[in-house]
Amino acid sequence: GYYGTFGGAYIPEMLYPNVEELRQNYLSIIADPSFQREFRELLTDYVGRPTPLFHARRLSETYNTTVYLKREDLCHTGAHKVNNTIGQILVAKRLGKKRIVAETGAGQHGVATATVCALMGLECIVYMGSIDMERQKPNVDRMRMLGASVVPATSGSQTLKDATNEAMRHWINNPVDTHYVIGSVVGPHPYPDMVARFQSVISEEVRKQLHEKTGQSNPNYVIACVGGGSNAAGAFYHYLDQPTVQLIAAEAAGQGIATGHSAATTALGKPGILHGSSTILMQTEDGQVVEPYSISAGLDYPGIGPMHAHLFASGRGTFYSITDQEALNAAFELSRLEGIIPALESSHALACIPKLKAGPDEVTVICLSGRGDKDLAAYTAHLPK
Ligand SMILES: Cc1ncc(COP(=O)(O)O)c(/C=N/[C@H](C(=O)O)[C@@H](O)C(C)C)c1O
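The shown structure was predicted, so the numbers you read here are calculated from the model rather than taken from an experiment.

**With respect to the overall build of the protein**
When its secondary structure is counted, the protein shows 17 helices and 15 strands. Computed over C-alpha atoms, the radius of gyration of the protein comes to 19 Å, within 12% of the 21 Å expected from 2.2 N^0.38 for 385 residues, which places it in the range of a compact globule. Along the longest, intermediate and shortest principal axes, the C-alpha atoms of the protein span 55 × 50 × 40 Å. Counting across all 385 residues of the protein, residues that qualify as buried make up 61%. Long-range pairs, those at least 24 residues apart, make up 73% of the contacts in the protein between residues at least 6 apart in sequence. Looking at the protein as shown, the accessible area adds up to about 14500 Å², and 54% of this sits on carbon and sulfur atoms. Within the protein, one finds 32 positive and 37 negative side-chain charges whose respective centroids are separated by 3 Å.

**Some remarks on the packing of aromatic side chains**
Evaluation of the coordinates by the stated rule reveals eight aromatic pairs. With centroids separated by 5.3 Å and ring planes inclined at 50°, the aromatic side chains of F39 and F198 adopt a geometry described as tilted. Highlighted residues: F39 in helix α2 (residues 33-47) and F198 in helix α9 (residues 191-199), separated in sequence by 159 residues. Judged by relative accessible area, F39 falls into the buried class, the value being 4%. What makes F198 buried here is its relative accessible area of 2%. Considering the side-chain rings of W171 and Y180, the 5.6 Å spacing of their centres and the 50° angle between planes classify their relative orientation as tilted. One aromatic cluster is present, formed by F35, F39 and F198 through successive ring pairs.

**A look at the environment of V91**
Structurally, V91 is set in helix α4 (residues 81-94). Residue classification places V91 among the buried residues on the basis of a relative accessible area of 0%. Considering only alpha carbons, one finds V91 and P138, 47 residues apart in sequence, at a separation of 29 Å.

**Things to note about the environment of A327**
Residue placement: A327 occurs in helix α14 (residues 324-338). Once the C-alpha coordinates of A327 and V195 are considered, the two residues, 132 residues apart in sequence, prove to be 26 Å apart.

About the cut-offs
- Residues numbered from 1 in each chain as written.
- Predicted model: local features only at pLDDT ≥ 70, side-chain atom pairs only at ≥ 80, totals over all residues.
- Heavy atoms only, no water.
- Helix = DSSP H or I, 4+ residues; strand = E, 2+ residues; numbered from the N terminus.
- Rg over C-alpha atoms; globule rule 2.2 N^0.38 Å.
- Buried < 20%, exposed > 50% of the residue type's maximum accessible area, 1.4 Å probe, protein only.
- Contact = heavy atoms within 4.5 Å.
- Areas by Shrake-Rupley, 256 points an atom, 1.4 Å probe, with all protein chains shown as cover.
- Lys, Arg positive; Asp, Glu negative; His and termini not counted.
- Charge placed at Lys NZ, Arg CZ, Asp CG, Glu CD.
- Phe/Tyr/Trp six-rings, centres within 6.5 Å; stacked < 30°, edge-to-face > 60°.

Laid out in structure tokens, this is it:
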């Protein structure tokens with residue numbers, strides 16, 4: 001499970017049996033035709049796939065280029081996260097697991113986990129930083145409505161990395177009947193590969209839809225925001241081997257990369273180990289994880305998936321750092337140009353359009369990872385005069 005020098009499984013000995021069981025079985029389970037049938041049927045009839053590839057005409061005119069939006073915000077639960085939770089929980093069921101534990105920051109992954117657990121009749125425990133529980137309260141309410149128990153992570157900075165630590169601790173203490181559903185392309189192998197495979201339905205659809213609309217399967221650019229990197233992994237997956245397609249990743253600069261309040265991992269980070277994977281992360285001189293900041297809980301993560309660390313190190317990907325204000329401006333712009341309210345996370349991808357300066361005959365696909373309902377408090381607090 002390597003992406004260049006990144007990836008691997010640097011896990012505590014007590015986690016080894018669980019991760020090894022997953023590593024030994026995930027590929028054969030996913031390849032099983034009956035798994036694929038069940039997975040694809042749920043994506044179609046439950047998630048509502050394929051999601052539209054929408055030609056954003058007014059946005060395109062504004063920037064004198066062609067922009068398509070991949071509408072993952074229209075997935076059931078309001079974000080791409082459910083593509084992964086359906087896949088992982090189907091795998092967990094085949095491994096005989098009865099309980100699901102997860103971590104969440106923006107709460108979208110938590111909702112997507114609670115949703116599929118309700119659908120499949122599994123117990124669901126979601127760890128969430130108490131700070132994130134405040135700023136993404138609508139999603140906490142939804143998880144509880146769906147029958148999940150939401151456990152506040154009170155250690156450390158009480159945000160996502162602490163929720164991840166506490167979810168891993170739960171898994172270590174309940175190894176046999178529990179599966180830990182990681183919400184992004186992070187963590188020890190096989191998680192980054194497994195999550196990327198489930199999210200790859202995004203670019204599988206984009207290739208077909210773009211061909212139907214334009215005669216070309218390849219755009220000039222694909223843009224996606226990167227917290228851990230799962231919606232980006234999905235949007236990039238079937239273009240990784242197409243060198244003419246430029247892969248653009250939007251990270252959260254927060255208040256600015258020089259302010260000490262940022263989550264721009266590739267700009268501020270260095271290689272190290274985070275949550276069981278060799279990757280790039282924001283760390284102090286003695287290797288302690290630096291507290292990140294972003295207005296968006298989904299990008300407020302001190303690391304990045306090993307796949308993206310490799311895309312950065314190899315130059316295959318281009319990384320932009322987008323500030324809170326740039327993301328807010330992009331959210332207002334999309335809402336007023338196209339009548340679509342994007343999640344704060346997705347707004348970081350939208351904010352790359354003015355920086356990219358794509359040409360009039362060029363085509364850009366932007367992965368709109370989620371809808372903005374959960375962010376209305378932040379949006380209304382910053383409404384343009
Ligand atoms: C609407 C939306 N868009 C993008 C992201 C960033 O996650 P990735 O796609 O895995 O980089 C997120 C991340 N949400 C996670 C969550 O809901 O728990 C996040 O906070 C963590 C799993 C990283 C999101 O909610």
